[in-house]
Amino acid sequence: MAAGGQEVLVQCPVCQRGMQSLRINAHLDHCLGRPEPEPGAGAYSSSSSSSEETPSKRRRLSPGPQRQREGEGQREGQRQTVGQSLSQTQIPNQTQIPSRAPNQTQTPTQRLLSLGDLETKPLAELMRPSVLEALVGQHKALGENTLLRTLLESHEIPSLILWGPPGCGKTSLAHILAQNSKKHNSTRFVSLSAINANTNNIREMIKQAQNERRHFKRKTIVFFDEIHRFNKLQQVKDTFLPHVECGTLTLIGATTENPSFQINAALLSRCRVIVLEKLSVEAMESILLRAASSLGISVLAQDKEAGSVGGSKESDPCICIEPEAIRTIAYLCDGDARTALNGLHLAIQGKLAVAKKPQCDKQQNTLSKRIVIQEVDIKEGLQRSHILYDRAGEEHYNCISALHKTMRASDESTALYWLARMLEGGEDPLYVARRLVRFASEDVGLADPLALTQAVSAFQGCHLIGMPECEVILAQCVMYLARAPKSVEVCVAYGAVKDSVRNHKGPLPCVPLHLRNAPTKLMKDLGYGKGYIHPGFSKQEEEHG
């Protein structure tokens, strides 16, 4: 009962709907499978509840005699007051921002931020999409008539494994799926990470999920980031497998590694694998432009006729960015949106820090002149290209395969590119050198016997001097092998003989006596080596008559 005898609205702990306190008991009976309450309960959808609050700890409210005697006019007035206050907090994670121009409004795919927000959270976290329309660059997985699109429209989310490179939107997509399911069903969302979660944490979470399902008929969606870091035994034994199979949990796992190698086969068979692609340069530019617009940063445009830089009016924001700077971030970050946004964040902070320093020139006041983020600022912040490479993952095998195939095709320029990708990504040079030794016999072979000598010498040189000096040695060997003539005669011949030995039926034939060595008299008496004629000696005897 509110002050003055006014009616208050309460929230159902089962379905999270708001209603009059007079109707809560009847509504609880309905949610728990008892007869349906009377119509006209005045329930409305509320999104201000926390998913971490345990419904079982909330007490049921009983109507008193005074509430029943309350006037209908007072209830209606209070309902409008509470509804207005809730509507102001309906959008979660909304950041308070300073007043902006009237024409700068927030769209469903864009949120308005201030430069002060960058001091509390990274820009990548502030710009994390909350609706499907804001997730760009994944049309192949989220386009029309795709599996995920169909699942979203039906509001039924099965267990999924999201596989893709870093920064492609796996975590954002998992939260969007959970929010979409929560709008239409009674769903609880839990986020875990293999970096800090252990078996005890997961068992406690499963126990809570079982209680939610048993008592409140509430589903639990578990997002498990970096699931490949959880070993295969932990994935099955007393953790995910039995509870995913019986429907207690809906698992959404995110991994940057090939699920075929890193996810337990039994668990993988109960999940659907969704492959997310590396973001294109166009998608990266779109994300960066949206972030700049949200922060009130304008993108300069070159006026071709006048030759002046656009955006010079007094009403323009104090911070601008050149289009070349946006394009440079998009290219350097190799499809990683998180790295791109953090690079933009770093550039903005760097320019603001410089602008706030006391200037010797009296004409330059703090933040009074327009600050322009240029391409050189981006390169200074990122220092180098963000190279996607994992020495223990699938990209390791993809790159060495590309190196082999380009050398086999005598494409030395492309072969050098893949060599640089591996070495700059932190690959062990001795691993590359060993593969070059193999290539010298497997693909060059007898067409150029010196290729094996070159490869072995490169391996020894790498072993002696190490990185970064040995990178030139490997480059020389790669170019030599790419230019060398190719022959697979040795490889094919040995492969055929190997298959013959492996597939031979019955006991293998014994070594003939004339091919055996006879180091003792007994072995000579048994006929070892009898009848064998050394080709060299027999040829000399024929020449000397």
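Every value quoted in this text rests on a predicted model; they were computed, and no experiment measured them.

Rules and cut-offs
Residues numbered from 1 in each chain as written. Predicted model: local features only at pLDDT ≥ 70, side-chain atom pairs only at ≥ 80, totals over all residues. Heavy atoms only, no water. Helix = DSSP H or I, 4+ residues; strand = E, 2+ residues; numbered from the N terminus. Expected span 1.5 Å × (residues − 1). Buried < 20%, exposed > 50% of the residue type's maximum accessible area, 1.4 Å probe, protein only. Lys, Arg positive; Asp, Glu negative; His and termini not counted. Salt bridge = Lys/Arg side-chain N within 4 Å of Asp/Glu carboxyl O. Polar contact = N/O pair within 3.5 Å; in protein donor to acceptor, adjacent residues only side chain to side chain. Pairing = 2+ DSSP bridges. Axes fitted to C-alpha atoms, helices over the stretch in contact; angles between N-to-C directions. Contact = heavy atoms within 4.5 Å. Phe/Tyr/Trp six-rings, centres within 6.5 Å; stacked < 30°, edge-to-face > 60°. Lys NZ or Arg CZ within 6 Å of the ring centre and 35° of its normal. Parallel < 35°, antiparallel > 145°, perpendicular 65-115°, else oblique. Left-handed = near helix turned anticlockwise from the far one by under 90°. pLDDT = per-residue confidence, 0-100.

Engineer: Pulling in residues and values, what's your account of helix H17 (residues 394-408)?
Structural biologist: Taking 1.5 Å of rise per residue, the 15 residues of H17 would be expected to cover 21 Å, and the 21 Å separating its terminal C-alpha atoms lies within 8% of that figure. Among all positions in H17, only His396, Cys399, Ile400, Ala402, Leu403, His404, Thr406 and Met407 are buried. Serine 410 lies just past H17 and shows a positive phi near 60 degrees.

Engineer: Please provide a residue-by-residue account of the side chain of arginine 188, values included.
Structural biologist: Along the chain, arginine 188 falls in strand E5 (residues 187-193). Lacking a salt bridge, the buried arginine 188 has glutamate 212 as its closest oppositely charged neighbour, with an N-O distance of 4.1 Å. A distance of 2.6 Å separates a polar atom in the side chain of arginine 188 from a polar atom in the side chain of glutamine 208.

Engineer: Now, about the sheet that holds strand E8 (residues 272-275): what can you tell me, with residues and values included?
Structural biologist: Taking strand neighbours across the sheet as the criterion, the 5 strands line up as E5-E6-E7-E4-E8 in an open arrangement whose pairing is parallel. Pairing within the sheet leaves two strands with one partner each, and these edge strands are E5 and E8. Each strand of the sheet is rotated relative to its neighbour by a mean of 15 degrees, with strand direction disregarded. In the sheet, E5 pairs with strand E6 (residues 219-225) via 7 bridges, with the strands oriented parallel. Residue pairing for E6: leucine 192 is matched across the bridge by phenylalanine 224.

Engineer: Talk me through the sheet that holds strand E10 (residues 319-321); I want residue IDs and the actual numbers.
Structural biologist: Spatial ordering of the open sheet is given by E9-E10-E11, a layout of 3 strands whose pairing is parallel. Edge positions in the open sheet fall to strand E9 (298-299) and strand E11 (371-373), since each of these has one partner strand only. Of the pairings in the sheet, the one linking E10 to E11 comprises 3 bridges and is parallel in character. Counterpart to isoleucine 321 in the pairing with E11 is isoleucine 373. Lying on the sheet, helix H15 (residues 337-355) is in contact with E10 and E11; it crosses E11 at an angle near 150 degrees.

Engineer: Give me the lowdown on the packing of aromatic side chains, citing residues and values where you can.
Structural biologist: Following the criterion strictly, the structure yields 1 aromatic pair and no others. Ring geometry for tyrosine 417 against tryptophan 418: centres 5.0 Å apart, planes inclined by 70 degrees, an arrangement best described as edge-to-face. Positioned over the ring face of tyrosine 528 is arginine 516, at 5.0 Å from the centre of the ring.

Engineer: Please set out the pattern of salt bridges residue by residue, giving values where relevant.
Structural biologist: Here the structure, examined in full by the defined rule, presents 11 salt bridges. Here arginine 218 and glutamate 212 are joined by a salt bridge, their closest N and O atoms 3.5 Å apart. When sorted by exposure, arginine 218 lands in the same class as glutamate 212, which is buried. Here lysine 278 ties to aspartate 334 by a salt bridge, and the two come within 3.0 Å at their closest N and O atoms. Here aspartate 334 lies in the loop between helix H14 (323-332) and H15 and lysine 278 lies in the loop between E8 and helix H13 (281-294), a separation of 56 residues in the sequence. In this structure aspartate 334 comes out as partly exposed when scored by relative accessible area, which is 21%.

Engineer: Mind laying out the packing of helix H18 (residues 412-424) against helix H21 (residues 470-483), listing which residues take part and the relevant values?
Structural biologist: At a minimum axis separation of 9 Å, H18 and H21 run at an interaxial angle of 150 degrees. By the angle between their directions, the pair H18 and H21 is classed as roughly antiparallel. Crossing hand, H18 versus H21: right-handed. Touching Glu412, Ala415, Leu416, Leu419, Leu423 and Glu424 of H18 are Glu471, Leu474, Ala475, Val478, Met479, Ala482 and Arg483, all from H21.

Engineer: Help me get a handle on the confidence of the model for the protein chain, residues and values and all.
Structural biologist: Residues shown with low pLDDT carry predicted positions that ought not to be read at fine detail. Confidence in the prediction for the protein chain averages 75 pLDDT; 72% of positions are at 70 or higher. Between the elements of the protein chain, mean pLDDT differs from a low of 36, seen in strand E3 (residues 44-45), to a high of 96, seen in H21. Low confidence marks residues 302-317, where pLDDT is under 50. Its contacts with residues over four positions away, or in another chain, come to 17 contacts. In the model, residues 362-368 has pLDDT below 50 throughout and makes 8 contacts with residues more than four positions away in sequence or in other chains.

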